[in-house]
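The chain contents come next:
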Amino acid sequence: LFIAFAPRHRLGGALALVGLAGLWFAIVLRFHVAYSPYMWVRSDIEAFWILWGCVAALALALAAARALLAHVTTPLLSLIAVPLALFSLLLSGLDWKIVGGLSFATAAATPLLLLGTLGHPRAPLARFLELRPLTWLGRISFSLYLWQELFFVWDTDRSRPLGWLQAPPLNIVAQVSAATMLSGGA
């Protein structure tokens, strides 16, 4: 879809897609359209997380947007994503407007957190993220993401064909071991 937009319209197009994804998310939450226990792993529900990252990347390509991002990605201001994420988790049982709004706001703030650490590499958070265990975790993170599908059985109705390898805490050990061996992250 981004390729379909002319280069000068890509940022606006990305913002429009974020808005549409957020609107669809609100409709699903409010009216239970296409609602299911598995909806949190569907692309149409989680799209705005990826789209906000696209918006940030496209904004970096424009001088005016870069100037705005420089103001909102100061080390302290970019940390807004952390309490938003915590509130999203803690308040997940509340009204759909709160859950949806917090999730959307957290998704929007997460790229600011990342840009804040990139733009201020000497800030405490950026230095923390450069610690050896965290950089190692970053190197294997995609592999971890893929392996969690095998080792984490979230639905109690599903069988556990791997038995004890899918039960906590051994599922974490199995996931990290597989991710490390198969991603070359050791």
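Relevant structure appears above.
So, a few notes on the structure that sits alongside this text.

Conventions adopted
Residues numbered from 1 in each chain as written. Predicted model: local features only at pLDDT ≥ 70, side-chain atom pairs only at ≥ 80, totals over all residues. Heavy atoms only, no water. Helix = DSSP H or I, 4+ residues; strand = E, 2+ residues; numbered from the N terminus. Core = buried A, V, L, I, M, F, W, Y, C linked by side-chain atoms within 4.5 Å. Buried < 20%, exposed > 50% of the residue type's maximum accessible area, 1.4 Å probe, protein only. Axes fitted to C-alpha atoms, helices over the stretch in contact; angles between N-to-C directions. Parallel < 35°, antiparallel > 145°, perpendicular 65-115°, else oblique. Left-handed = near helix turned anticlockwise from the far one by under 90°. Contact = heavy atoms within 4.5 Å. 1 Å grid on protein atoms, 1.4 Å probe; cavity = no way out; pocket = protein on both sides within 12 Å on 5 of 7 lines; lining within 4 Å. Points joined across faces, edges and corners; volume = space filled by probe spheres on them. Nonpolar A, V, L, I, M, F, W, Y, C, P; charged D, E, K, R; others polar.

### Quick look at unusual backbone geometry
Residues P168 and P169 are joined by a peptide bond in cis, for which omega reads 0°. Following the sequence through the fold, P169 ends up in the loop between α7 (132–151) and α8 (170–183). Positioned with a positive phi, H32 is a non-glycine residue whose angle comes to about 55°. Secondary-structure assignment places H32 in the loop between α1 (10–31) and α2 (43–60).

### Notes on the nonpolar core
The biggest cluster of nonpolar side chains holds 20 residues, and the ones touching the most others in it are F48, W52 and V55. Secondary-structure elements contributing two or more residues to this core are α1, α2, α3 (63–72) and α5 (96–119). Sort the elements by how many residues they give to this core and α1 lands first, with 8 residues. One finds A81, L84, L102 and L113 within the second-largest nonpolar core, a separate group that totals 5 residues.

### With respect to the packing of α7 against α8
Relative to each other, α7 and α8 sit at 125°, their axes nearing to 8 Å. By the angle class used here, α7 and α8 are oblique. For the crossing formed where α7 meets α8, the hand is right-handed. Contacts between α7 and α8 involve W136, I140, S143, L144, W147, Q148 and F151 from the former and N171, A174, Q175, V176, A178, A179, T180, L182 and S183 from the latter.

### Observations concerning the layout of surface pockets
If you add up the space inside the largest pocket, you get close to 850 Å³. Lining the largest pocket are 21 residues, and of these W49, S141, F142, Y145 and Q148 lie nearest its centre. Listed by contribution, the elements that provide at least two residues to the lining of the largest pocket are α2 and α7. Counting residues per element, the lining of the largest pocket draws most heavily on α7, at 9 residues. Within this model, the second largest pocket holds a volume of roughly 390 Å³. Of the residues forming the lining of the second largest pocket, the biggest block, 5 residues, is contributed by α5. Along the lines of polarity and charge, the residues of the lining of the second largest pocket split into 7 nonpolar, 5 polar and 1 charged.

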